[in-house]
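A look at the structure
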Amino acid sequence: MFTSRLDAAGGRVSFARARDLAEAVAAAVDPGLPVVLTPELSCLVPALRELGITAGVGTRLAGFAAELPRDPAPAPDCDVADHPAPDLEDLLRRAGTGVTGCLGAVASSGTIVVGRGGGNGGLIAALPPRHVAILHEADIREGLAETLAAVQGSAAPSPGEYVLITGPSRTADIEMMSVIGVHGPLALHVCVVLGEE
């Protein structure tokens, strides 16, 4: 089953009905740090804010930037040109959690497929220290080939890439020791939205 495979890979899985999705996401994020969502999940922003979570949409970070933690102010003798306004990448690095949708999942390996969320799905999934992925139960397939066929058949053509994720980022390239978080988030939480009965 998808749950045990992803748990074995170091991620976490929770289940929620659509009506309880905001609460499930709020339980998976660091409540003290801002949360950035892909545009297709913008409907969750008001509900997360009602729950006391600072949340905003990745393509609309200009207004949201004022709520994110700031880097220390530049020294008074520094030229302002040396400290330009933060860009999307910088703002995402200061967020605590990135929340994306999933295009599909591979049950046999616990892999999720993320992509193209407003053009920022890959960045929102990779830069903040936590990644929360929203996966609809109907989008889970048994194997990779079946999952990729379903994703390609359902996704509208748009620029960007698909990212396949199995657990948090980890590598053993450093003295053959397993290190988490080198190439992406330290934590992955998949929230499976159950189909209504």
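Bear in mind that the values here come from a model prediction, so they are computed numbers and not experimental data. (Residues numbered from 1 in each chain as written. Predicted model: local features only at pLDDT ≥ 70, side-chain atom pairs only at ≥ 80, totals over all residues. Heavy atoms only, no water.)

**A few points about the confidence of the model for the protein chain**
In the predicted model, the protein chain carries a mean pLDDT of 76, and 64% of its residues have values of at least 70. When the criterion is pLDDT under 50, residues 71-85 qualifies, and its contacts beyond four places in sequence or with other chains add up to 4 contacts. (pLDDT = per-residue confidence, 0-100. Contact = heavy atoms within 4.5 Å.)

**Concerning the pairing of strand 4 (residues 97-101)**
Extensive coverage of strand 4 is indicated by the burial of 5 of its 5 residues. With burial as the criterion, each face of strand 4 is covered, one bearing Thr97, Val99 and Gly101 and the other bearing Gly98 and Thr100. Two elements, strand 4 and strand 7 (residues 130-136), share 5 bridges in a ladder whose sense is parallel. Within the sheet, the bridge partner assigned to Val99 lies in strand 7 and is Val132. (Buried < 20%, exposed > 50% of the residue type's maximum accessible area, 1.4 Å probe, protein only. Helix = DSSP H or I, 4+ residues; strand = E, 2+ residues; numbered from the N terminus. Pairing = 2+ DSSP bridges.)

**Observations concerning the sheet that holds strand 1 (residues 12-17)**
Read from one edge of the open sheet, 6 strands run 1-12-7-4-2-3, paired in parallel fashion. Among the strands making up the open sheet, the edge pair consists of strand 1 and strand 3 (55-57). The sheet shows a mean angle of 25° between the axes of neighbouring strands, taken without regard to direction. Across 3 bridges, the pairing between strand 2 (residues 35-37) and strand 4 is parallel. (Axes fitted to C-alpha atoms, helices over the stretch in contact; angles between N-to-C directions.)

**A few points about the environment of Ala150**
Relative to the elements of secondary structure, Ala150 occurs in helix 7 (residues 144-154). Residue classification places Ala150 among the partly exposed residues on the basis of a relative accessible area of 25%. Linking Ala150 and Leu103, residues 47 residues apart in sequence, is a C-alpha distance of 8.7 Å.

**Considerations on the sheet that holds strand 8 (residues 140-141)**
Ordered in space as 8-5-6-9, the 4 strands form an open sheet in which the pairing is mixed. Looking at the sheet topology across the chains shown, the edges are occupied by strand 8 and strand 9 (162-165). Note that strand 6 (residues 111-115) and strand 9 share 4 bridges and pair antiparallel. What sits directly across from Val114, in strand 9, is Val163. Against the sheet, helix 7 contacts strand 5 (104-106), strand 6, strand 8 and strand 9, and its axis sits at roughly 175° relative to strand 5.

**Describing the pairing of strand 12 (residues 187-194)**
Summarising burial for strand 12: 6 of the 8 residues are buried, a large majority. Here strand 7 pairs with strand 12 via 7 bridges, running parallel. Bridging from a neighbouring strand, Ala133 pairs with Val190 of strand 12.

**Some thoughts on a nonpolar patch on the surface**
On the surface, Leu144, Leu148 and Leu164 cluster together into a nonpolar patch covering about 240 Å² of accessible area. As for its position among the elements, Leu164 is in strand 9. (Patch = residues over 30% accessible without salt bridge, like charges linked within 9 Å, V, L, I, M, F, W, Y side chains within 5 Å. Areas by Shrake-Rupley, 256 points an atom, 1.4 Å probe, with all protein chains shown as cover. Salt bridge = Lys/Arg side-chain N within 4 Å of Asp/Glu carboxyl O.)

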